[in-house]
Amino acid sequence: KIGKLFCCNGLIINLGDSGQCFIGDDCMISNEIEISTTDNHTIFDKINKKIINKQKRPLIIGNHCWIGRHVRILKNAQIPNNTIIGMSSIVTKKFEEENTIIAGYPAKVIKHNVEWDGAPICSFEESMKL
């Protein structure tokens, strides 16, 4: 499911194994983005044959998220509302704190208490003048 006011320049979504992926409202997604709910191949315990790499929870991208270029978001990842994901990051887990920047390989929170606006910096600065 993809929410309202979705903006994207280039995205591949791999929904293997009946995976679930939800993208919230007002998300801005750059190019060369890959989202995957599966590893595409089975990994299992050799002794009991139990599959160990199934998707455990839906992949969720909250409302008003900005995903930078060349980001990978993997199965079981959850991204809260108002999150910015830095360029070339790999998101592999559930994040809970809103209004953050996450970045890295694997991604971690690098900045708290942020907000973003899709306007170019010069337009935003002009609109903020009193």
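Owing to the predicted nature of the structure, the values given are computational and were not obtained by experimental measurement. (Residues numbered from 1 in each chain as written. Predicted model: local features only at pLDDT ≥ 70, side-chain atom pairs only at ≥ 80, totals over all residues. Heavy atoms only, no water.)

**Comments concerning the overall build of the protein**
From N to C terminus, the protein includes 1 helix and 13 strands. Along the chain direction, N to C, the helices and strands of the protein fall in the order β-β-β-β-β-β-β-β-β-β-β-β-β-α. A principal-axis box enclosing the C-alpha atoms of the protein has dimensions of 70 × 25 × 20 Å. Considering only contacts in the protein between residues 6 or more positions apart, those separated by 24 or more positions represent 27%. Split by element, the accessible area of the protein, about 8400 Å² in all, is 55% carbon and sulfur. Taken as two groups, the 16 positive and 14 negative side-chain charges of the protein have centres that lie 11 Å from each other. (Helix = DSSP H or I, 4+ residues; strand = E, 2+ residues; numbered from the N terminus. Contact = heavy atoms within 4.5 Å. Areas by Shrake-Rupley, 256 points an atom, 1.4 Å probe, with all protein chains shown as cover. Lys, Arg positive; Asp, Glu negative; His and termini not counted. Charge placed at Lys NZ, Arg CZ, Asp CG, Glu CD.)

**Brief notes about the sheet that holds strand 10 (residues 83–85)**
Judged by pairing direction, the sheet is mixed, and its 6 strands sit side by side in the order 1-4-7-10-12-13 without closing on themselves. Here the strands that pair on one side only, and so sit at the sheet edges, are strand 1 (7–8) and strand 13 (107–112). Note that strand 7 (residues 66–67) and strand 10 share 2 bridges and pair parallel. By the bridge assignment for strand 10, Trp-66 is matched with Ile-84. (Pairing = 2+ DSSP bridges.)

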